[in-house]
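What follows is the residue order along each chain.
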Amino acid sequence: TFRTVLSSFCACIHFRHYLDQVAEETNDKLQETGQVKISDLCKTYDLPGDFLKQAFSSRLGKIIHGEIDQDNRGVIFTEAFVTRHRARIRGLFSAITRPTAVINLITRHGFQEQLLYSVLEELVNSGRLRGTVVGGRQDKAVFVPDIYARTQSSWVDSFFKQNGYLEFDALLRLGIPDPVNYIKKRYKSLQLLFLKTSCVGQEIMDQVEASVDEAINSGTWVDIVPLLPSSLSIEDASMLLQQVMRSFTKQPSTLVFSDTMVVSEKFINNCAELFNDLMHQKAEKEMKSNPVHLISEEDLKQSFLIENASSSKKDKKDERRKKANEGSGSVRGGGGGNAREFKIKKTKKKGRKDADSDEESQTTSTNRSKHLEICFMSQEEIEDVLRKHIRDCPEELILEIADHLVRPLTKSYQEVLRSVFMSSASNSSGASRKKTIKDLQEEVSSLYNNVRLFEKGAKHFTDETQTNITKHMLKTVCTDITNLIFNFLAADVMMAAEDYTVITSEMRKKILSALQEEMRGPLTKLHISLNGKSLEEFVSALDAATEACDIMVKKGDKKKERQILFQHRQALVEQLKVTEDPALVLHLTSVLLFQFSTHCMLHAPGRCVPQIITFLSTKIPEDQHSSLVKYQGLVVKQLISQNKKIGQGDDDSLDNKLEAEESTEAIRKELQELTTSIKDLVLRPRKSSVTEE
């Protein structure tokens, strides 16, 4: 037992001696380097860190002449080391004149991080270093010297005083991390407007407000962008203008275009007045050329009802129209009896129609609520007019004003059209109306008799040729008759065109929708018959339509037929005399020879000319027929060569092109030589066949 105790005592004394030896070696190293890390000693002596810290703490000041860092207990340093570093830190940070990241200084000058932060905090708190550490003891910590803060504040105050605004990016570049809060704290007593990228003072706001007020009172416009600093964005300018415009709520109405342009209502009205004369000119022109597209059916019927309804029913109808407008978005009238001024046999239905017109108006307003909008000018045309009359106006503003005016000008144009139509309708008298009816009946009768005579000529041919001729007649003469009738009836609802030949199938459908029910059925059948293959079907539909519309068609007699034949022949002869086109010469000559031979008129398309020439083979002398056939062959060759020339590509050789041109020229010369003799077959006729004799 004694030996055990003695052995333990000896071991303890030996270990304490070992620790003293370690402490002495550590002190030697500490005095040499100024600092020692416990972690390095653990590796050297293979001892735990906590054990070494405990062992060294009792030997500090005795064997180890140094102290442990209170912020980082893993480091032992000497007082001389701390003093030396304090002096270096004091000197380095005293020389700094702008915000500097602390981590950069640690890396560059090899400072012990925790020691530096401790010494720096001590120096700043004691007032030895004038500045602040922003960000604490982190990698993003920044030292800001007081001299820089004073210079910074001085620059901000000076810039704001001179310019009246502050840009957030500029403050960030100065090292102010939160510009908005910085400005709010520094200028608590000032009224500032904070925008997206800047803040502006009252002086700039007053300047913008004065310019806007002047533009409104003078009836002009102003763009606030030139009034603002160039660094302000368009979004900033827009936000500023919105704030300024709040003080003009009681002023005359204004518009803001492109976020920064203020335009007075007076200026907009002046721009709109530039188009007044153009509106009336276009309305007059459109009314004469193609009024089918100009005004909607409901507007027309409403206008007639307003003008022709009796005073005892007018208030009631207006009230019902108002209700219909609220329900469907448009005001419409029915097909009242007074919608047609021209009535002969069916006038007894006027009373009933007037009685039913109110009920029909509600029905039609529901079934036909679509309202046609008449375009006055395209936006590009409006822009051109504005450029011509408005000086010193930026292109962007012209585009905006034109876009704004499209709808109002279209609406105004509709009113002008309606006024022009009403004026035109009120100026028509009963006498001129009767004259129009008489002219219509004569023209329809003339075209009707032509159709009958053309039909006789077509019966000389086979079924296939007859079908082609019939289709051609339906597309030409029969369509003219139909358009004549439709255009006459369209005049009653102010939808007539000045030239009836321009009326298309779609226009006829539009006119049909505006007519009374008893006319609509027969006229619809007449319209549909134009797409058929039978002249009998068209004639039957025409008879029914003229009867429904009270148009009297005079049928021709023998004397009248001879007169029509003579007039038709003379018209073709005169046309043949002046034309030099080989294809047309062949066509006219063939038709005239047919009429000479059969005493029948013929209205045939160009593709039926070969069948006409074949038919003439037994009706004219053989030499005349041979000349006609030869001329026909040359015409066909010429047409083929022309088509080939059009279809030739760049790949064709030069020789092929020259050969084709020579061939074409030879055909042209031969046709030119024969044209006179072909014309003479008609212009200088001789007895041509036994049949004719």
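The numbers attached to residues start from 1 for each chain and follow its sequence in the written order. With the structure being a predicted model, the display of local features is reserved for residues of pLDDT at least 70 and the display and counting of side-chain atom pairs for 80 or more, all residues being used for whole-chain, interface and lining totals. Water and hydrogen atoms play no part in the side-chain values, which are based on all heavy atoms of the structure.

**Quick word on a positive patch on the surface**
For patch building, the residue pool is restricted to those with more than 30% relative accessible area and no salt bridge; the joining distance is 9 Å between like charges and 5 Å between nonpolar side chains (Val, Leu, Ile, Met, Phe, Trp, Tyr). Note on areas: Shrake-Rupley with a 1.4 Å probe; residue coverage comes only from the protein chains shown. Salt bridge criterion: a side-chain nitrogen from Lys or Arg within 4 Å of a carboxyl oxygen from Asp or Glu. His is not counted, nor are the chain ends; Lys and Arg add positive charge and Asp and Glu add negative charge. In this description, the location of a charge corresponds to atom NZ of lysine, CZ of arginine, CG of aspartate or CD of glutamate. A cluster of like positive charges, contributed by Lys-471, Lys-475, Lys-533 and Arg-607, occupies part of the molecular surface. Put simply, DSSP H or I for four residues or longer makes a helix, DSSP E for two residues or longer makes a strand, and each gets a number counted from the N terminus. Mapped onto the elements, Lys-475 comes out in helix 20 (residues 463-475).

**Points about the packing of aromatic side chains**
For this analysis, a ring pair means two rings from Phe, Tyr or Trp (six-membered ring only for Trp) whose centres lie within 6.5 Å, classed as stacked if their planes differ by under 30 degrees, edge-to-face if by over 60, and tilted for the remaining angles. According to the stated counting rule, one finds nine aromatic pairs in the structure shown. Relative to Tyr-165, the ring of Phe-159 has its centre 5.3 Å away and its plane inclined at 75°; by these criteria the two rings are edge-to-face. With a 1.4 Å probe rolled over the protein chains alone, any residue whose accessible area is under 20% of its type maximum counts as buried; one over 50% counts as exposed, and the rest are partly exposed. Since its relative accessible area comes to 22%, Phe-159 is described here as partly exposed. Aromatic side chains Phe-275 and Phe-376 sit 6.3 Å apart centroid to centroid with 85° between the ring planes, which places their arrangement in the edge-to-face category. Highlighted residues: Phe-275 in the loop between helix 12 (265-273) and helix 13 (276-289) and Phe-376 in the loop between helix 16 (350-367) and helix 17 (379-389), separated in sequence by 101 residues. The rings of Trp-155, Phe-159 and Tyr-165 are connected pair by pair, giving a single aromatic cluster. Each ring is checked for a lysine NZ or an arginine CZ that lies within 6 Å of its centre and within 35 degrees of its normal; such an atom marks a charge sitting over the ring. The ring centre of Phe-194 lies 5.4 Å from the NZ or CZ of Lys-184, which sits over that ring.

**So, the nonpolar core**
If you look at the biggest cluster of nonpolar residues, it comprises 76 residues, and the most contacted ones within it are Ile-485, Leu-523, Phe-538 and Leu-628. We define a nonpolar core as any set of buried Ala, Val, Leu, Ile, Met, Phe, Trp, Tyr and Cys residues linked to one another through side-chain atoms lying within 4.5 Å. Formed by 27 residues, the second largest nonpolar core is a distinct cluster that contains Met-261, Met-279, Ile-398 and Val-416.

**With respect to helix 25 (residues 558-578)**
In this scheme, a helix's expected span is set at 1.5 Å multiplied by one less than its residue total. Here helix 25 is 21 residues long and its end C-alpha atoms lie 31 Å apart, about the 30 Å a rise of 1.5 Å per residue gives. Among all positions of helix 25, only Ile-564, Leu-565, His-568, Leu-572, Val-573 and Leu-576 are buried. Buried residues along helix 25 cover an arc of 165° about the axis, so they all sit on one side. Set apart from the buried face of helix 25 by more than 90 degrees, the exposed residues are Lys-559 and Val-578. Of all possible arcs, the one meant is that of the directions from the helix axis to the C-beta atoms.

**Quick word on the sheet that holds strand 5 (residues 131-134)**
We treat two strands as partners when DSSP finds at least two bridges between them. Overall, antiparallel pairing links the three strands, which are arranged 4-6-5 in an open sheet. Looking at strand neighbours, the two that pair on one side only are strand 4 (100-101) and strand 5, the edges of this open sheet. Bridge count between strand 4 and strand 6 (residues 142-145): two bridges; the pairing is antiparallel. Bridge assignment links Ala-101 to a residue of strand 6, and that residue is Val-142.

**As for unusual backbone geometry**
Backbone geometry places Ser-258, a non-glycine residue, at a positive phi of 55°. Along the polypeptide, Ser-258 turns up in the loop between strand 11 (254-257) and strand 12 (261-264). Look at Ser-258 and you get buried, because its relative accessible area is 18%. Positive phi, normally seen in glycine, also occurs at Asp-392, with a value near 55°. Position of Asp-392 among the secondary structure elements: in the loop between helix 17 and helix 18 (395-427).

**A short note on the pairing of strand 6**
Pairing between strand 5 and strand 6: four bridges, direction antiparallel. Along strand 6, the bridge assignment pairs Val-133 with Phe-143.

**Some points on the pattern of salt bridges**
The full count for this structure, using the stated rule, is 13 salt bridges. For Arg-387, the salt bridge is made with Glu-383, and the minimal N-O distance between the two is 3.4 Å. On the criterion of helical spacing, the pair formed by Arg-387 and Glu-383 is a turn pair, its members being four residues apart in helix 17. The exposure class assigned to Glu-383 is buried, which follows from its relative accessible area of 8%. The closest approach of N and O atoms between Lys-509 and Glu-506, which form a salt bridge, is 3.7 Å. Taken together, the positions of Lys-509 and Glu-506, both in helix 22 (residues 505-514) and three residues apart, correspond to about one turn of that helix. For Lys-509, a relative accessible area of 43% translates into the label partly exposed. Through salt bridges with shared partners, one network takes in Glu-383, Asp-384, Arg-387 and Glu-395.

**A short note on the layout of surface pockets**
Space inside the second largest pocket adds up to approximately 510 Å³. Every residue lining the second largest pocket is counted, 26 residues in all, and those nearest its centre are Ser-446, Asn-450, Ile-564, His-568 and Met-601. When contributions to the lining of the second largest pocket are tallied by element, the ones reaching two or more residues are helix 19 (430-458), helix 25 and helix 26 (582-598). Examining the composition of the lining of the second largest pocket, we find that eight residues originate from one element, helix 25, more than from any other. The residue classification treats Ala, Val, Leu, Ile, Met, Phe, Trp, Tyr, Cys and Pro as nonpolar and Asp, Glu, Lys and Arg as charged. All others, Gly included, are polar. Taken together, the residues of the lining of the second largest pocket sort by class into nine nonpolar, 13 polar and four charged. With a 1 Å grid laid over protein atoms only, a set of points is called a cavity when a 1.4 Å probe fits there but cannot get out and a pocket when it is open yet has protein on both sides within 12 Å along at least five of seven lines; lining residues have an atom within 4 Å of a point. Grid points are joined across faces, edges and corners, and a volume is the space filled by probe spheres set on the points.

**Concerning the sheet that holds strand 10 (residues 221-223)**
If you walk across this open sheet you meet the three strands as 10-12-11, and the pairing is antiparallel. Whereas interior strands pair on both sides, the edge strands pair on one side only; in this sheet they are strand 10 and strand 11. Shown here is a sheet whose adjacent strand axes are inclined to one another by a mean of 15°, direction ignored. Note on contacts: a residue pair is in contact if any heavy atoms of the two residues lie within 4.5 Å. Between N-to-C directions, angles span 0 to 180 degrees; the directions come from axes that are lines fitted to C-alpha atoms, helices contributing only their stretch in contact. Packed on one face of the sheet, helix 10 (residues 202-218) meets strand 10, strand 11 and strand 12 and runs near 155° to strand 10.

**A closer look at the packing of helix 21 (residues 477-490) against helix 23 (residues 517-529)**
Contact geometry for helix 21 and helix 23: axes closest at 11 Å, N-to-C directions at 150°. With respect to each other, helix 21 and helix 23 are oriented roughly antiparallel. Like other packed secondary-structure pairs, helix 21 and helix 23 cross with a definite hand, here left-handed. For the pair helix 21 and helix 23, the contacting residues are Thr-482, Ile-485, Phe-486 and Leu-489 in the first and Met-519, Leu-523, Leu-526 and His-527 in the second. Of the residues that constitute the contact of helix 21 with helix 23, the class distribution is six nonpolar, two polar and no charged. The labels follow the angle: roughly parallel below 35 degrees, roughly antiparallel above 145, roughly perpendicular from 65 to 115, and oblique for the rest. The hand of a helix crossing depends on one turn: near helix anticlockwise from the far one by less than a right angle means left-handed, and clockwise means right-handed.

**Examining the packing of helix 21 against helix 22**
Where helix 21 meets helix 22, the axes come as close as 10 Å, and the angle between the chain directions of the two elements is 40°. Between helix 21 and helix 22, the angle falls in the class oblique. Pair helix 21 / helix 22 crosses with left-handed handedness. Judged by residue contacts, Thr-479, Thr-482, Asn-483, Phe-486 and Ala-490 of helix 21 engage Arg-508, Ile-511 and Leu-512 from helix 22. Split into classes, the residues belonging to the contact of helix 21 with helix 22 amount to four nonpolar, three polar and one charged.

**Structural notes on the side chain of His-587**
Within the fold, His-587 resides in helix 26. Throughout this description, a polar contact denotes any pair of N or O atoms lying within 3.5 Å of each other; where both atoms belong to protein, one of them has to be capable of donating a hydrogen while the other can accept it, and for residues adjacent in sequence the pair is counted only when both atoms sit in side chains. Polar side-chain contacts of His-587 include one of 3.1 Å to the backbone oxygen of Ala-604. Each residue touching His-587, except ones within four places of it in the same chain, is listed here: Ala-604, Pro-605, Gly-606 and Val-609.

**Thoughts on the side chain of Arg-520**
Position of Arg-520 among the secondary structure elements: in helix 23. Classification of Arg-520 by relative accessible area gives buried; the value is 18%. Among the polar contacts made by the side chain of Arg-520, one reaches the main-chain carbonyl oxygen of Leu-512 at a distance of 3.1 Å.

**A short note on the confidence of the model for the protein**
Known as pLDDT, the predictor's confidence for each residue is given on a scale from 0 to 100. Averaged over every residue, the pLDDT of the protein is 76; residues scoring 70 or more account for 74%. Every residue in residues 428-432 scores below 50 in pLDDT, and together they form one contact with partners more than four places removed in sequence or on other chains. In the model, residues 688-693 has pLDDT below 50 throughout and makes nine contacts with residues more than four positions away in sequence or in other chains.

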